[in-house]
Protein chains: 4
Amino acid sequence: INFFCHFVFDPFSDIYYYWLSIISLAVLYNFIIIPARVAFNELEQGDFFTTWMVIDILADVLYVLDFFASFRIGFLERGLLVTDTAQLSKKYMKSMAFYIDIFSILPTQIIYAFALSHTTKFVPPLIRLSKFFKFHRLVAWNDRTECRTSVPTLWRVVTLFTIMLMVMHWNACLYYFVSTTVISPKENRSSFIYPPEIDDEGNPNKFASTAMKYAVSLYWSTQTMTTIGEMEQPEELWEYVYMTIIFLIGVMIFASVVGSIGNIITNLRANRSVFQDRLDHLKEYMGYRNVGKDLQNRIIRWFDYLWAQNHTFEEEDVLKYLPDKLQAEMAIHVHLATLKQVELFQNCESGFLIALVLKLKHQVYSPGDYVCRKGDIGREMFIVKQGMLQVTADDGRALATLSDGSYFGEISLLNVGKNGNRRTANVRSVGYSDLFCLRKEDLLHALNDYPEMREVLKEAARQKL
Amino acid sequence: INFFCHFVFDPFSDIYYYWLSIISLAVLYNFIIIPARVAFNELEQGDFFTTWMVIDILADVLYVLDFFASFRIGFLERGLLVTDTAQLSKKYMKSMAFYIDIFSILPTQIIYAFALSHTTKFVPPLIRLSKFFKFHRLVAWNDRTECRTSVPTLWRVVTLFTIMLMVMHWNACLYYFVSTTVISPKENRSSFIYPPEIDDEGNPNKFASTAMKYAVSLYWSTQTMTTIGEMEQPEELWEYVYMTIIFLIGVMIFASVVGSIGNIITNLRANRSVFQDRLDHLKEYMGYRNVGKDLQNRIIRWFDYLWAQNHTFEEEDVLKYLPDKLQAEMAIHVHLATLKQVELFQNCESGFLIALVLKLKHQVYSPGDYVCRKGDIGREMFIVKQGMLQVTADDGRALATLSDGSYFGEISLLNVGKNGNRRTANVRSVGYSDLFCLRKEDLLHALNDYPEMREVLKEAARQKL
Amino acid sequence: INFFCHFVFDPFSDIYYYWLSIISLAVLYNFIIIPARVAFNELEQGDFFTTWMVIDILADVLYVLDFFASFRIGFLERGLLVTDTAQLSKKYMKSMAFYIDIFSILPTQIIYAFALSHTTKFVPPLIRLSKFFKFHRLVAWNDRTECRTSVPTLWRVVTLFTIMLMVMHWNACLYYFVSTTVISPKENRSSFIYPPEIDDEGNPNKFASTAMKYAVSLYWSTQTMTTIGEMEQPEELWEYVYMTIIFLIGVMIFASVVGSIGNIITNLRANRSVFQDRLDHLKEYMGYRNVGKDLQNRIIRWFDYLWAQNHTFEEEDVLKYLPDKLQAEMAIHVHLATLKQVELFQNCESGFLIALVLKLKHQVYSPGDYVCRKGDIGREMFIVKQGMLQVTADDGRALATLSDGSYFGEISLLNVGKNGNRRTANVRSVGYSDLFCLRKEDLLHALNDYPEMREVLKEAARQKL
Amino acid sequence: INFFCHFVFDPFSDIYYYWLSIISLAVLYNFIIIPARVAFNELEQGDFFTTWMVIDILADVLYVLDFFASFRIGFLERGLLVTDTAQLSKKYMKSMAFYIDIFSILPTQIIYAFALSHTTKFVPPLIRLSKFFKFHRLVAWNDRTECRTSVPTLWRVVTLFTIMLMVMHWNACLYYFVSTTVISPKENRSSFIYPPEIDDEGNPNKFASTAMKYAVSLYWSTQTMTTIGEMEQPEELWEYVYMTIIFLIGVMIFASVVGSIGNIITNLRANRSVFQDRLDHLKEYMGYRNVGKDLQNRIIRWFDYLWAQNHTFEEEDVLKYLPDKLQAEMAIHVHLATLKQVELFQNCESGFLIALVLKLKHQVYSPGDYVCRKGDIGREMFIVKQGMLQVTADDGRALATLSDGSYFGEISLLNVGKNGNRRTANVRSVGYSDLFCLRKEDLLHALNDYPEMREVLKEAARQKL
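Turning our eyes to something else, we now look at the relation of the copies chain A and chain B. Take chain A, turn it by 90°, move it 0.1 Å along the axis, and it overlays chain B with an RMSD of 0.1 Å. The operation mapping one copy onto its partner corresponds to a four-fold rotation axis. Looking at the rotation axis and the C-alpha trace of chain A, the residue lying nearest is Ile228 of chain A, at 4.2 Å. Comparing interface residues between copies, only 8% of those in chain A also lie at the interface in chain B; the contact surfaces differ.

What follows is the structure in structure tokens.
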């Protein structure tokens, strides 16, 4: 009891999401079934009726529960989740949703039972239309799902398709409803409306079965909505007006479907086409500049590898939208372990390492690329994240092999070697290698803030030599 | 009187906008009603006729008023609103609009009354077509509305739909007009044109009512324009030509509708999809780098919060298109009150504070994020705009609570503390916090221009210690 | 004679463009008329025949002339127009176009005259199909026109529409041709093909006139190509195959039309929607930060003014794609006269002024904006390009009025005033003002390269004081 | 033998691509032929049968070979191609593809032969549907082709068209299959399904030929899929359901085609429209600023030249996505030879030249442009890549001509001339010229790393003077 008294939904929590999902099911049930029950009378009779009754009551109970739950949905104020129930209730009762929700939990079921004995046949399910007003929960659930899903594009296609089907379903129900109810059977039945359900001798024909009724109506609805338009010509005034409106809606729906799918296709290809564009431009450029076949192939293979490895984006581009602190945490998470492997930095204080970690740049080398050559000016050191590299002499002999966790070039970084800041050996990537690179100026910049580290580093470097 | 002599419309004022709206109504009336009156003769008879007469005269009076008003519409010259009536009149009379407006206020009503007794039936309303030439006012009004409305996307959909309906309406009128007037009734009536309005016995059938005439014509028009094409086959040469032209226009209209709606959908999603894209890339990156579930969740929640708070854009991105002075005013408006709360700056002169205000950066912290940790190098100070933060000891004890208007880190900014520029405590965000951050280098930069402030700040800092 | 011997077309000249236009007319004539003559036999008889003969010969002469002209079309080598006729001929003769052009000037006219007496009726015009191969000239002309026109978007719509019409025209001709020629008249004529042209009594019916033939065929073609599809069902095998292919092409054409128009609409709105986006974000931001109504209005009005003045883009954005030298020339053209008005710079050498000109920034002030306030730190000087400004005392009194060509703030630029670099008066914009602003650091930077100018400026400033 | 034991496919090699192409052919064969054989019984009889048998066996052998080949497809681990067959086999056997491939090589041929004598007629080819599961090889081949082709946009159109045709082919087969098999012939045959193949007298009519069957079915399929919809109305329940589903799929396919083509058109024009945009903005700007006709023409011609030369993109934009080392290699490849032509640098060490090479900027000058004028401050030197330039005296006399490989301005770069760093002559481009420009600050920056080069350069410069 105490639990229920103090329970408050965190709007970002999983439990709230599951609750939304359950409520959405109830709303969807009403959205699909009510129009069908209004249009097709036989659904209100016999076994069906009992089924609907049970599910109706279940859905209504969920609606009522959701009404009470709505008093306990937390919100953020000054960045903190408000959990004071009085405050939550007050906020809910001031919102528009409160009145909509009250309207949607009106006990129409009871009015329905009452009406069943008194009024014309199609009123009862119609009165349940008030249940539609919980629509806002469905929207909320859909938004939340799009945020949570790992395949948002697919989800958008599914949503779009569902909306299209829903509109067609309603239109089908409306068509049959109008055909049979409003236009009560008269002698010269227009060929536009649903065909007569009895043959000349008064026996029910094939159009009398419920499945056929729905199939024909849905087929009719699909034709109008997709601008295919193969249906019978209208004959009466209202039929002309109805068709014109349906056609206009149909064109809008069709245009939305085409627009949305075009949009989705564009998005699907966006990554790939940005990538392809860069490659195309490079190819064009290399053609224009007569770059040799060999270099061309290496560059194309490098792009291939990048695409195959799925990291077609720059690390910096991805991270730049995060606030500085989260960027730092991300960098620490990803790189700090790598940096700590370097002996040189083993005695450095943590803050200094974090400052360095933020400066590491990711680089990919293709097979055979020289990372550095003997005699080059050394402006950075490298740490091997993944891959295999060879230290080679001038004559190509392999002197040593470097692999995951190795590092090199730290000497020129500190200006302590006897060759000044020149590289003392060639380093060549054997396969594809992922390296992290630390630039000299970034190190010097960090040392400005941590001057005492300068000595620590010098000492470590001297010991290594 | 004097008022009217000197009154000049400011083209950016509300009153001018309202005047445009009224004129647009008159133009729209002519656009809709004239083609209908040309096509459907019965609209020119009986009660209808009197109604049109009254509204026609009203519309014509508005046209004339607008003609005179056009002499008094101010314009900008060298950045100033010109209000010299002579100059305004001269400009108007030199413009194309002047001749168009004169043409559109020709007293066609009188010619109409005169013509009524002499010519064939369809000429009179046709002669009012000159009223169409005030179209440019409708365009001006639409442009202005799009600028002023807070839902420009919705407005564009409405405009598009209105244009589509208008074209269909005209096509419907044209269809009926051509069916009955140009092709005078002959024996072998083509089934393509509007059906005969009398049955075999010469009595009017259901096609004889005005509503039916319009409904059938509009239905026909909708079918051609939406490329549904369920109408009767043409039979005569002119029918083939007419249909081919209508089909081509129909395809163009259909393509425009699809294109525009696709465009609108793309724009609607643009914000969301840019946002989603960043999140998707981040998720991909975090997967690739094996970032822990915990950090992943914090980052996703941070994005959720950002989206929920509706500030998915960077402050700098929004403001950078403003000229420097407006940027400054905006910053002063938003941040100056915040900055003045800081005791440290209480004795500083206003120009100096404004210089600082332009440098404040906005940052959002999620629950549990450390804003700074003891021993870190302090490079900035923070002012709490909104939220709650805790100052904690190394063992996690909360030493103090900071909330809206508090500030911290000012000591390291001035290098006056005994710990150098190291942080002296941990500060952790309890909920989501909005902070403004002032970087040390920005302060130093501002002090270059206001050297005398250096002493004021030092003094204030010393007192605080 | 000598002129013709040495005449060479400059491919970027007007005369070459006009020549392309004339040739394109001849190509278009062949594209439109040949299929019609193949399909509709009556076009090959009587008066028509003479007309075609004359135009054919004219077109053929143009083709031949173009063939010779092609030997004299200059091209760029190492950036220079090659005018050596031997070299030009060699290049042309090595190109693919040479063989295509030879093929297209084959004297089919003569073969045609010869064939007229011998072969079946539809061969002659068919043999002229070789004239289609000059198509590449039409493409070249279209490209050139798109470059030269001031309404490229409209031109693209026209091109697209023309292509669509052309395909429909060909399809119409093909339909009639297949209907009458390949499927020679037999008893059980399929209702899919063109209706019989004689009635039951053997007299020509309404389908026998040439206009009707073309109208019906074009109507049929339009229906298939726009996916409207109201035509008769096919009956024969070849009809099914033909229709399926036509439908597939139709869908592709339809999709291209929709895609192109969508594309054009997107482009048309691109400028406006980028602009609207910025304004929307600003409105959102100002709402979020509770910016006062007054500042909001000023900002919105500033945007309105910018849009109305059509300079919604930044000067730098536009110019940055030009090479440095052209940028400099542009800046000199636009600003140098303005800068020379400033007395201070009257004795400066030209190179120095040009260096300054490149640094001028354009700024727009709204009515009532303060350009500078007394006591502010002066970091730039201003030159009034257009507009009116007031120098005001602290109590708001107007001390002086500045207008086009005035300048102020030059004192603080040179640090020679007695108030240091503080502003000595308020300057307020009366209407909208266009100012150019020269920053202190840009001046100092320029003085590094022209050290002797420092004294000149100091001297000028001292004199002014 | 030994070769086969150790052979491993490099997934980026040509041979693997060719193998993929062969397998794709086999998969395509199954995709196209199996549905046709299921639907059209006659394809299983007579000569056809033998043909299928042979090709089936061939395809199955390829499938089996591919199964074994899949054990030997190398993959990258830590950037190196893994060639250890045990490891490769293990990886394949753990993958999903392994089970799919096993399923797809099941000896359905044998079951088929067996079934032929026992079961109903349509089972045998149906059982070959397991061959569809090799679909993933087709996808892999398509991806690889898109990467390798030089016309990726065209390839995408072809792929899209193929998919559309494939879906139509399947739908056609399904239509005929359902028409004849599931709905076994009964008295009141619905007019929706395939027409009866025998006439009233029991003789086969024109619908009985295989070609006609397929043509009619494909025609029907095309109509539904393109939303043209001219087919017979459905009559039975299943027909309504079938049509509704087909219509929905049709709309989705149609929308995808429109979306994809729209997308492709956008991409096709992207380059051109970005370029056009810049030019349009420039024209607008020049109009706004009243730039003289002469300068306008020079700027427009410069853009024309750029477009004609196909290098509408900036060198830096293209290269910036490459890793630093590849950028360097590209620059070395393109520019080093040019730089070595400069005498000044002939004695410089290679590392220094490479450092310089990375700083060269590409510039294009139009005819008549001055590259530098006498008396200007010299901040860069120029090397002529291509084109012709004139050194002119103040009175316009040409003093010298520079062409490919020449360089000038090196004096001011080193501050050794007697005129300080002023230009000593005018240099004017005669035609269009491609120059490389080396800025003074870049040279100084490089000299920081190679201090000993300073003397070498000074010496070289002194000798030249």
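On we go from here.
Both copies of the chain are related by one operation, a rotation about an axis with a shift along it. Rotating chain A by 90° and moving it 0.1 Å along the rotation axis overlays it on chain D with an RMSD of 0.1 Å. Different-surface contact between copies: only 9% of interface residues of chain A are shared with the interface of chain D.

Residues and elements named next belong to chain B. For strand 10 (residues 433-439), a buried count of six out of seven residues is recorded, marking the element as mostly surrounded by other parts of the structure. Across five bridges, strand 3 (residues 361-365) lies against strand 10 in antiparallel orientation. Bridging across to strand 10, Val364 finds its partner in Asp434. Sheet topology places strand 5 (residues 380-386) next to strand 10; six bridges connect them, and they run antiparallel. Among the inter-strand pairings, Met381 is bridged to a residue of strand 10, identified as Leu438.

Attention shifts here to the interface of chain A and chain B. Facing the 63 residues of chain A at the interface are 68 residues of chain B. Taken over both partners, the interface formed by chain A and chain B buries close to 5900 Å², and the fraction arising from carbon and sulfur atoms is 63%. One can count zero salt bridges joining chain A with chain B. For the pair chain A and chain B, the number of links is zero residue pairs in polar contact (both at pLDDT 80 or more). Mapped onto the side of chain A that touches chain B, the elements with two or more residues apiece are helix 8 (135-148), helix 9 (152-182), helix 11 (237-288), helix 13 (315-319), helix 14 (324-340) and strand 10 (433-439) of chain A. Top element by residues in the side of chain A that touches chain B is helix 11 of chain A. It accounts for 17 residues. Grouping the amino acids of the side of chain A that touches chain B by side-chain chemistry returns 30 nonpolar, 16 polar and 17 charged.

Quick look at the pattern of salt bridges now. Evaluation of the coordinates by the stated rule reveals 36 salt bridges over all chains. The partner of Lys131 of chain D in a salt bridge is Asp60 of chain D, and the shortest N-O contact between them spans 3.6 Å. Residue Lys131 of chain D is found in the loop between helix 7 (123-127) and helix 8 (135-148), and its partner Asp60 of chain D is found in helix 3 (residues 46-69); the two are separated by 71 residues along the sequence. Here the two residues Lys131 of chain D and Asp60 of chain D agree in accessibility, since each one is buried. A salt bridge links Asp394 of chain D to Lys374 of chain D, with the nearest nitrogen and oxygen atoms 3.8 Å apart. A residue pair is termed long-range when its members are at least 10 positions apart, and Asp394 of chain D in the loop between strand 6 (388-392) and strand 7 (398-403) and Lys374 of chain D in the loop between strand 4 (370-372) and strand 5 (380-386) qualify at 20 residues. One salt-bridge network, held together by shared partners, links Asp66, Asp101, Lys134 and Arg137 of chain A.

Residues and elements named next belong to chain C. Across the sheet, which stays open at both edges, the four strands sit in the order 4-9-6-7 with antiparallel pairing between neighbours. Looking at strand neighbours, the two that pair on one side only are strand 4 (370-372) and strand 7 (398-403), the edges of this open sheet. Neighbour-to-neighbour, the strand axes of this sheet turn through a mean angle of 30°, independent of strand direction. Pairing geometry for strand 4 and strand 9 (residues 426-429), over two bridges, is antiparallel.

With that settled, the discussion passes to the nonpolar core. Residues Val257 of chain A, Val257 of chain B, Val257 of chain C together with Val257 of chain D are the most contacted members of the largest nonpolar core, which totals 252 residues. Ignoring any residue separated from it by four or fewer positions in sequence, one finds Val257 of chain D in contact with Val251, Met252 and Ala255 of chain C together with Leu160 and Met164 of chain D.

The next subject is the confidence of the model for chain A. All names here are of chain A. A residue-level look at chain A finds 88% of positions with pLDDT of 70 or above and a mean pLDDT of 80. Ranking the helices and strands of chain A by mean pLDDT puts helix 2 (residues 14-39) first, with 91, and helix 7 (residues 123-127) last, with 66. Two summary scores accompany this predicted model of the complex, namely pTM at 0.79 and ipTM at 0.77.

It is worth spelling out the sheet that holds strand 6 of chain D at this point. Residues and elements named next belong to chain D. Strand order in the open sheet made by the four strands is 4-9-6-7, with antiparallel pairing throughout. If you trace the sheet from one side to the other, it starts and ends with strand 4 and strand 7, each paired once. On average, each strand axis in the sheet is tilted by 30° relative to the strand beside it, whichever way the strands run. Sheet topology places strand 6 next to strand 7; five bridges connect them, and they run antiparallel. Bridge assignment links Leu389 to a residue of strand 7, and that residue is Leu402.

Here is what the cut-offs are and how they apply
Residues numbered from 1 in each chain as written. Chains lettered and ligands numbered in written order. Predicted model: local features only at pLDDT ≥ 70, side-chain atom pairs only at ≥ 80, totals over all residues. Heavy atoms only, no water. Least-squares fit on C-alpha atoms with pLDDT ≥ 70 in both. Contact = heavy atoms within 4.5 Å. Buried < 20%, exposed > 50% of the residue type's maximum accessible area, 1.4 Å probe, protein only. Helix = DSSP H or I, 4+ residues; strand = E, 2+ residues; numbered from the N terminus. Pairing = 2+ DSSP bridges. Buried area = accessible area lost by both parts, 1.4 Å probe. Salt bridge = Lys/Arg side-chain N within 4 Å of Asp/Glu carboxyl O. Polar contact = N/O pair within 3.5 Å; in protein donor to acceptor, adjacent residues only side chain to side chain. Nonpolar A, V, L, I, M, F, W, Y, C, P; charged D, E, K, R; others polar. Axes fitted to C-alpha atoms, helices over the stretch in contact; angles between N-to-C directions. Core = buried A, V, L, I, M, F, W, Y, C linked by side-chain atoms within 4.5 Å. pLDDT = per-residue confidence, 0-100.

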